[in-house]
Amino acid sequence: MTHDTDAGFGTQAVHSGRGYTGNTGAVMPPVYLTSTFEQGNADGFDYTRSGNPNFRLLQESIAALEGSQFATCFASGVSAITAVISTLKSGDLVLAEENLYGCTYRLFERVFNKFGVQARYVDLTREENWEQIRQARPALVWLESPTNPLLKIIDIAGIAKVAAEAGAATVVDNTFASPYLQRPLELGATLSLASSTKYINGHSDALGGVVATNDPVWHKRMDFAQKALGLQPSPFDAWLITRGKRTLALRMERHCANALELARFLEGHAGIRSVRYPYLPSHPQYELARRQMSGGSGIVIAELDAPTDKTLEFCRKLRLFTLAESLGGVESLVCHPATMTHAGVPPSVRRAVGISDGLIRFSVGVEDAADLRRDIEQALTEVLR
Ligand SMILES: *Cc1c(COP(=O)(O)O)cnc(C)c1O
């Protein structure tokens, strides 16, 4: 089935990215494990670094889910981020939200900084800081919403408008929300980027990244970066992600319901200093989250009233939450950002943005909520004893 723009999200998630059945009647597409293609073929393929039927199917699917004209797939979220930053030139400025995924920060500071691309970090939840977009005239405004790991909610429509007036493109890393809960391009962003390793694939068995846009110039740049920088995924990973995204709507519903239940349970529990979840009324940007997203997604953060060793002990006592990096899979995971995902961020920077040693990030899976609650309860009882 091709792009039926009248169909609902769940229908598009299931039906997009099929095609290429030839005369076989196969309901699902094959994996095109080929590095090269015979010259002059009708579909215009030449070499897998610059295109493969599995990439095309995945790209069509992502465009359908993001409501975009174009999408380009990459080997990982970091590849997608590299593709976007590689379009800049020496002297260009990126104005970024100060709470960024650790590897995005590392790319700016340890790779692209050497080529003269400068990143400046500000708290974009404070509207008075948007003035800096008008004054500094950056090439790009970069944000995540919700942010990793603090779950700050950034006003995409408000910022995209200011950025457009200043001639800057707005890039939204939509990994934590997924296109099921939030579509940045409809809010005015220029690019919607995601690590498809997380919710879009949802099964923790492949890495991938995507960039969606309605701007043909940006689409050309992304396709160029895919082949020129060698950022393409393997056909098999593209196939896995095309399969994974078919159940995105179902999974996100369950992630949202489970996470909200656990967030409510943790809030006010002995030994927990604070809890943050976009759909809890105590969240500082609760109203904005309700407006901008159709659900709170599956990530909950909590601050334990404990030092690093006790916090890690709590994580290890959990039986259903595996202590591991990554998020967005059907299985629950727990992460200690200060020693894991954000270990590469200098401690002073980490503390300044609010990533304390007692901070825990739960990626709430699609298991039975009652079992997850019991698991957290027993681990808390053990370490608080
Ligand atoms: C994981 C993640 C990435 C990087 O994706 P990979 O697929 O691991 O390269 C980028 N942004 C956010 C918000 C992430 O959580």
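No experiment lies behind these values; they were computed from the predicted model shown.

The rules behind each value
Residues numbered from 1 in each chain as written. Predicted model: local features only at pLDDT ≥ 70, side-chain atom pairs only at ≥ 80, totals over all residues. Heavy atoms only, no water. Domains from an automatic or database assignment. Buried area = accessible area lost by both parts, 1.4 Å probe. Axes fitted to C-alpha atoms, helices over the stretch in contact; angles between N-to-C directions. Helix = DSSP H or I, 4+ residues; strand = E, 2+ residues; numbered from the N terminus. Left-handed = near helix turned anticlockwise from the far one by under 90°. Contact = heavy atoms within 4.5 Å. Parallel < 35°, antiparallel > 145°, perpendicular 65-115°, else oblique. Nonpolar A, V, L, I, M, F, W, Y, C, P; charged D, E, K, R; others polar. Near = heavy atom within 4 Å. Polar contact = N/O pair within 3.5 Å; in protein donor to acceptor, adjacent residues only side chain to side chain. Areas by Shrake-Rupley, 256 points an atom, 1.4 Å probe, with all protein chains shown as cover. Phe/Tyr/Trp six-rings, centres within 6.5 Å; stacked < 30°, edge-to-face > 60°. Salt bridge = Lys/Arg side-chain N within 4 Å of Asp/Glu carboxyl O. Pairing = 2+ DSSP bridges. Expected span 1.5 Å × (residues − 1). Buried < 20%, exposed > 50% of the residue type's maximum accessible area, 1.4 Å probe, protein only. Arc of directions from axis to C-beta.

## Considering the domain arrangement of the protein
Thought 1: By the assigned domains, the protein splits into domain 1 (9-247) and domain 2 (249-384).
Thought 2: Spacing between the C-alpha centres of domain 1 and domain 2 amounts to 25 Å.
Thought 3: Here domain 1 meets domain 2 over a buried area of about 3,200 Å², counting both sides, of which 61% is carbon and sulfur.
Thought 4: Ranking the residues of domain 1 by area buried against domain 2 places Ile153, Leu181 and Tyr199 at the top, with a combined share of 24%.

## Topic: the packing of helix 10 (residues 248-266) against helix 14 (residues 369-384)
Thought 1: Where helix 10 meets helix 14, the axes come as close as 10 Å, and the angle between the chain directions of the two elements is 35°. Read as a crossing pair, helix 10 and helix 14 show a hand that is right-handed. Only Ala369, Leu372, Arg373, Ile376 and Glu377 of helix 14 make contact with helix 10, whose side of the interface consists of Asn258, Glu261, Leu262, Phe265 and Leu266.

## Quick look at the packing of helix 2 (residues 53-66) against helix 9 (residues 235-244)
Thought 1: Contact geometry of helix 2 with helix 9 gives a least axis separation of 8 Å together with a crossing angle of 30°. Taken together, the axes of helix 2 and helix 9 are roughly parallel relative to one another. Between helix 2 and helix 9 the crossing geometry is left-handed. Where helix 2 approaches helix 9, its residues Asn54, Phe55, Leu58 and Ser61 are matched on the opposing element by Pro235, Ala238, Trp239, Ile241 and Thr242.
Thought 2: Across the contact of helix 2 with helix 9, the residue classes tally to six nonpolar, three polar and no charged.

## What about the site of the ligand?
Thought 1: In the vicinity of the ligand there are 13 residues, among which Val78, Asp173, Ser195, Thr197 and Lys198 approach most closely.
Thought 2: Here an oxygen atom of the ligand and a backbone polar atom of Gly77 are 2.9 Å apart.
Thought 3: One of the backbone N or O atoms of Val78 is found 2.9 Å from an oxygen atom in the ligand.
Thought 4: Compared with its free state, where it exposes 380 Å², the ligand has 92% of that area covered by protein.

## Digging into the packing of aromatic side chains
Thought 1: Scanning the model with the defined rule gives eight aromatic pairs in all.
Thought 2: On the numbers, 5.4 Å between centres and 70° between planes, the contact of Phe321 with Phe362 is edge-to-face. Remark: Phe362 occurs in strand 12 (residues 359-363) and Phe321 occurs in the loop between helix 12 (308-317) and strand 10 (322-323); sequence separation between them is 41 residues.
Thought 3: Site record: aromatic cluster; members linked through ring pairs are Phe314, Phe321 and Phe362.

## A few points about the pattern of salt bridges
Thought 1: According to the stated counting rule, one finds 16 salt bridges in the structure shown.
Thought 2: Put simply, Glu98 and Lys152 hold a salt bridge, and the shortest N to O gap is 3.8 Å. On the criterion of sequence distance, the pair formed by Glu98 in the loop between strand 2 (93-97) and helix 4 (102-111) and Lys152 in the loop between strand 4 (140-144) and helix 6 (156-165) is long-range, its members being 54 residues apart.
Thought 3: Two residues, Lys317 and Glu313, come together in a salt bridge whose shortest N-O distance is 3.6 Å. Of this pair, Lys317 and Glu313 both sit in helix 12, four residues apart, which is roughly one turn of the helix.
Thought 4: Taken together, the shared-partner salt bridges connect Glu97, Glu98, Asp123 and Lys152 into one network.

## Notes on the sheet that holds strand 8 (residues 272-276)
Thought 1: An order of 8-9-12-11-10 is seen for the five strands of this open sheet, with the pairing classed as mixed. One side of each edge strand has no neighbouring strand; the edge strands of this open sheet are strand 8 and strand 10.
Thought 2: Packed on one face of the sheet, helix 12 meets strand 9 (299-304), strand 10, strand 11 (333-335) and strand 12 and runs near 20° to strand 12.

## Here's the deal with helix 8 (residues 216-228)
Thought 1: For helix 8, built from 13 residues, the straight-helix expectation of 18 Å at 1.5 Å per residue is met to within 8% by its first-to-last C-alpha distance of 18 Å.
Thought 2: The set of residues buried in helix 8 consists of Trp218, His219, Met222, Ala225 and Gln226. One side of helix 8 carries all its buried residues, which in axial view fall inside an arc of 125°. Turned more than 90 degrees off the buried face of helix 8, the exposed positions are Lys220 and Phe224.
Thought 3: Where helix 8 begins, one side-chain oxygen reaches toward the backbone nitrogen of Val217, 2.8 Å away; that side chain belongs to Asp215.

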